[in-house]
Amino acid sequence: MSSGYFLTGTDTEIGKTYSAVRLLQRWRAQGKRVAAMKPVASGCEVLADGRWVNDDVERLIAATGQTDRDAMNPYRFLPPVSPHIAAREANVAIDFSLIASRYARLAEEADVVLVEGAGGWLAPLSDTTFMADLARHLGLPVILVVGMRLGAINHALLTARAILDSGLPFAGWVANRVVPDQPFYAENLATLKAHLPAPLLLELPYQP
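A brief report on the enclosed structure follows. Note that the structure is a prediction, hence the values are computed from the model and not measured.

Considering the environment of Ala90
Line of reasoning, step 1. Within the fold, Ala90 resides in the loop between α4 (83-89) and α5 (96-107).
Line of reasoning, step 2. For Ala90, a relative accessible area of 40% gives the class partly exposed.
Line of reasoning, step 3. Along the sequence, Ala90 and Phe77 sit 13 residues apart, while their C-alpha atoms lie 7.7 Å from each other.

Side note on the packing of aromatic side chains
Line of reasoning, step 1. What the rule picks out here adds up to 2 aromatic pairs.
Line of reasoning, step 2. Both rings, one in Tyr5 and one in Trp27, keep their centres 5.5 Å apart while their planes meet at 20 degrees; by these two values the pair is stacked. Residue Tyr5 is found in strand β1 (residues 3-9), and its partner Trp27 is found in helix α1 (residues 16-29); the two are separated by 22 residues along the sequence.
Line of reasoning, step 3. A centroid spacing of 6.3 Å and a plane angle of 80 degrees characterise the contact between Phe6 and Trp121, whose relative ring orientation is edge-to-face. Taken as a pair, Phe6 in strand β1 and Trp121 in the loop between β7 (112-116) and α6 (131-138) lie far apart in primary sequence, 115 residues in all.

What about the sheet that holds strand β10 (residues 200-204)?
Line of reasoning, step 1. The strand order across the open sheet formed by 6 strands is β2-β7-β1-β8-β9-β10, and the pairing between neighbours is parallel. Each edge of the sheet is formed by a strand with only one pairing partner; in this case those strands are β2 (34-37) and β10. The mean angle between the axes of side-by-side strands here comes to 20 degrees, regardless of whether they run parallel or antiparallel.
Line of reasoning, step 2. Its contacts with the sheet place helix α8 (residues 185-195) against β8 (142-148), β9 (170-177) and β10, and it is angled at close to 175 degrees to β9.

Here's the deal with the pairing of β8
Line of reasoning, step 1. Of all 7 residues that make up β8, 7 are buried, and the element is covered over most of its length.
Line of reasoning, step 2. Covered by surrounding structure in β8 are Val142, Leu144, Val146 and Met148 together with Ile143, Val145 and Gly147, the residues of both alternating faces.
Line of reasoning, step 3. Sheet topology places β1 next to β8; 4 bridges connect them, and they run parallel. For Leu7, the partnering residue across the bridge sits in β8 and is Ile143.
Line of reasoning, step 4. Relative to β9, β8 runs parallel, the two sharing 7 bridges. In the strand pairing of β9, Leu144 is matched with Trp173.
Line of reasoning, step 5. Read as a crossover between parallel neighbours, the route from β8 over helix α7 (residues 152-165) to β9 is right-handed.

Procedures and definitions
- Residues numbered from 1 in each chain as written.
- Predicted model: local features only at pLDDT ≥ 70, side-chain atom pairs only at ≥ 80, totals over all residues.
- Heavy atoms only, no water.
- Helix = DSSP H or I, 4+ residues; strand = E, 2+ residues; numbered from the N terminus.
- Buried < 20%, exposed > 50% of the residue type's maximum accessible area, 1.4 Å probe, protein only.
- Phe/Tyr/Trp six-rings, centres within 6.5 Å; stacked < 30°, edge-to-face > 60°.
- Pairing = 2+ DSSP bridges.
- Axes fitted to C-alpha atoms, helices over the stretch in contact; angles between N-to-C directions.
- Contact = heavy atoms within 4.5 Å.
- Right-handed = clockwise from strand over helix to strand, strands pointing away.

Pasting the structure below:
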């Protein structure tokens, strides 16, 4: 049986994909077969051959060596906007059952599958559904990426409470330094360690 995790973040642009790659590299180093999934990706580059390519998806492919793009990224949209807006503009309804079937396909050939959400825990996918609903549909333990900067404690604790309220296991969190010099970084990290009800899995340095 493979294990799976749903990766979310305290905000957008706080290093979810960077963190996902580092987690995947750790599991591969442990001898595990890994797979990644980005069910919904907004913001694509159009290549000369007409293909739409998303940077996050490409980085996950580079980390795992996957070739089945349709399985790992069933929904991709051109504009870099909230998924519910991108889907509405494209006249597309995001189907959780389709995503779950693609996840199952990946899980058949991997020991660990990491599913990376878009935006934060309550990023909308339609007028009535959110990333949290997708995580619940998949039934996966959640890993939270905390963008370490001013305000991180509040964002992290609120998100952790929402994860626990969803009924899903809170598997752990990643501290990712998104600013080069956060005042009292060590003190902020210690506060999060004391109050987040899950283990710190990775502490990542600032990367420009």
